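# Close look at the chain arrangement
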Amino acid sequence: MKAVRLWIGLTLVTLGVFGVLDAFGVLDASSTIGRWWPVAVIGLGVVPMVAARRFSVGGGILTGIGLVLLADQLGWATEDIIWPTVLVLSGVAVLATLRRYRVDDRHRPGWQPLALFGSAKARDTSEHLRHAEASAIFGGAMLDLRDAHIDTKADVDAFALFGGVQIVVPKDWRVELSGLPILGGYEDKTSGNGSLPADAPVLAVNATAIFAGVEVVNEPH
């Protein structure tokens, strides 16, 4: 995702500038970075949502984690409030998955799976699939799209934090996989991309894998 790469690039440039200023005695880089590093986490959650102009469960969770960490670093909160806040954010994430997709003449209702300290599976049967999400936090989530139909192109936001997300797609779909791996990874294990016609339906998967993995397959396992 270009927005994520842009944010990472700006973060690295900022760290470099802080290092130069520290070398010239303008500021204490270690102290400044030590206090404000959670801003980088917040940006990883916010920037993709702003670029896509929509809320995502994974982005919201990452933003919430960053805000909690920032509050801790700046002394705005004590340990007594941090963990209840984490529980609230986790609950909001769970409630967000109860939101049905928009129902109109182009998109049938569906569910977005969220695995939170466990496992979750969902099957999307949209007749005109445009967007879906799957998130896993200390767990595993599977989104089965084999009964869905894409007119031309659709996208999926996959978020995995200390867990794994598996997206199952038909063999006649072309997969475009990109994202942000942080001590994790993502992989396209489908078999049809090289032999598909030029007008094959396209599924763009935006994966965020933090100490976790995201994979796209033709058959679940």
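Each value, and the rule that gives it
- Residues numbered from 1 in each chain as written.
- Predicted model: local features only at pLDDT ≥ 70, side-chain atom pairs only at ≥ 80, totals over all residues.
- Heavy atoms only, no water.
- Helix = DSSP H or I, 4+ residues; strand = E, 2+ residues; numbered from the N terminus.
- Buried < 20%, exposed > 50% of the residue type's maximum accessible area, 1.4 Å probe, protein only.
- Contact = heavy atoms within 4.5 Å.
- Areas by Shrake-Rupley, 256 points an atom, 1.4 Å probe, with all protein chains shown as cover.
- Polar contact = N/O pair within 3.5 Å; in protein donor to acceptor, adjacent residues only side chain to side chain.
- Pairing = 2+ DSSP bridges.
- Axes fitted to C-alpha atoms, helices over the stretch in contact; angles between N-to-C directions.
- pLDDT = per-residue confidence, 0-100.
- Phe/Tyr/Trp six-rings, centres within 6.5 Å; stacked < 30°, edge-to-face > 60°.
- Patch = residues over 30% accessible without salt bridge, like charges linked within 9 Å, V, L, I, M, F, W, Y side chains within 5 Å.
- Salt bridge = Lys/Arg side-chain N within 4 Å of Asp/Glu carboxyl O.
- Parallel < 35°, antiparallel > 145°, perpendicular 65-115°, else oblique.
- Left-handed = near helix turned anticlockwise from the far one by under 90°.

### Notes on the overall build of the protein chain
Helices and strands together make up the secondary structure of the protein chain, namely five helices and ten strands. Per-residue burial for the protein chain yields a buried fraction of 43% across its 221 residues. Long-range contacts, defined as pairs at least 24 residues apart, comprise 61% of the intrachain contacts of the protein chain with a sequence gap of at least 6. When the accessible surface of the protein chain is totalled, it reaches about 11700 Å², and 63% of it is carbon and sulfur.

### Structural notes on the side chain of Thr63
With respect to the helices and strands, Thr63 occurs in helix H4 (residues 57-73). There is a polar contact of 3.5 Å between the side chain of Thr63 and the backbone nitrogen of Val46. When near neighbours in sequence (up to four residues on either side) are disregarded, Thr63 contacts Ile42, Gly45, Val46 and Met49.

### Let's talk about the sheet that holds strand S10 (residues 213-217)
Each strand in a sheet pairs with its neighbour through backbone hydrogen bonds, running either in the same direction (parallel) or in the opposite one (antiparallel). If you walk across this open sheet you meet the five strands as S2-S4-S6-S10-S8, and the pairing is parallel. The sheet is open, and its two edges are formed by strand S2 (119-123) and strand S8 (185-188), each paired on a single side. Across this sheet, the average inter-strand angle for adjacent strands is 10°, counted without regard to direction.

### Structural notes on the confidence of the model for the protein chain
When pLDDT is averaged along the protein chain, the result is 82, and 84% of the positions lie at 70 or above. Low pLDDT (under 50) marks residues 100-110, which in the prediction has 29 contacts with non-local residues, meaning those over four places away or in another chain.

### Points about the packing of aromatic side chains
For the structure shown, the criterion picks out two aromatic pairs. An angle of 10° between the planes, with centres 5.0 Å apart, marks the rings of Phe138 and Phe162 as stacked. Of the two residues, Phe138 is situated in the loop between strand S3 (131-137) and strand S4 (140-144) and Phe162 in the loop between strand S5 (153-161) and strand S6 (164-168); the sequence distance between them amounts to 24 residues. Taking the relative accessible area as the measure of exposure, Phe138 reaches 42% and is therefore partly exposed. Both rings, one in Phe162 and one in Phe211, keep their centres 4.8 Å apart while their planes meet at 5°; by these two values the pair is stacked. Of this pair, Phe162 sits in the loop between S5 and S6 while Phe211 sits in the loop between strand S9 (202-210) and S10, and the two are 49 residues apart along the sequence. Through pairs of rings, three or more aromatic residues link up here, namely Phe138, Phe162 and Phe211.

### Re a nonpolar patch on the surface
Judged by side-chain polarity, Phe117, Phe138, Phe162, Leu183 and Phe211 come together as a nonpolar surface patch covering roughly 580 Å² of accessible area. The class for Phe211 is partly exposed, based on a relative accessible area of 42%.

### So, the side chain of Gln166
Structurally, Gln166 can be placed in strand S6. A distance of 3.1 Å separates a polar atom in the side chain of Gln166 from a polar atom in the side chain of His221. Setting aside residues no more than four positions away along its own chain, Gln166 makes contact with Ala141, Met142, Leu143, Glu215, Val217, Pro220 and His221.

### A closer look at the packing of helix H3 (residues 38-52) against H4
Where H3 meets H4, the closest approach of the two axes is 8 Å, and the angle between their N-to-C directions is 155°. With respect to H4, the axis of H3 lies roughly antiparallel. Taken as a pair, H3 and H4 cross one another with a handedness that is left-handed. Two secondary-structure elements touch here, H3 through Pro38, Val39, Val41, Ile42, Leu44, Gly45, Val46 and Met49 and H4 through Gly59, Gly60, Leu62, Thr63, Gly66, Leu67, Leu69, Leu70 and Gln73.

### Quick look at the sheet that holds S5
Read across the sheet, five strands follow the order S1-S3-S5-S9-S7 without closing on themselves; strand pairing throughout is parallel. Only two strands of the sheet have a single partner each, and these edge strands are strand S1 (114-116) and strand S7 (174-182). The sheet shows a mean angle of 10° between the axes of neighbouring strands, direction not considered. Where S5 and S9 come together, nine bridges link them in parallel fashion. Looking across to S9, one finds that Leu161 is bridged to Ile210.

### A look at the pattern of salt bridges
Tallied over the full model, the rule gives six salt bridges. The partner of Arg123 in a salt bridge is Asp147, and the shortest N-O contact between them spans 2.8 Å. A residue pair is termed long-range when its members are at least 10 positions apart, and Arg123 in strand S2 and Asp147 in the loop between S4 and S5 qualify at 24 residues. Using a relative accessible area of 46% as the deciding quantity, one classes Arg123 as partly exposed. We classify Asp147 as partly exposed; its relative accessible area is 45%. Between Glu215 and Lys189 there is a salt bridge whose closest N-O contact spans 2.9 Å. Of this pair, Glu215 sits in strand S10 while Lys189 sits in the loop between S8 and S9, and the two are 26 residues apart along the sequence. For Glu215, a relative accessible area of 14% translates into the label buried.

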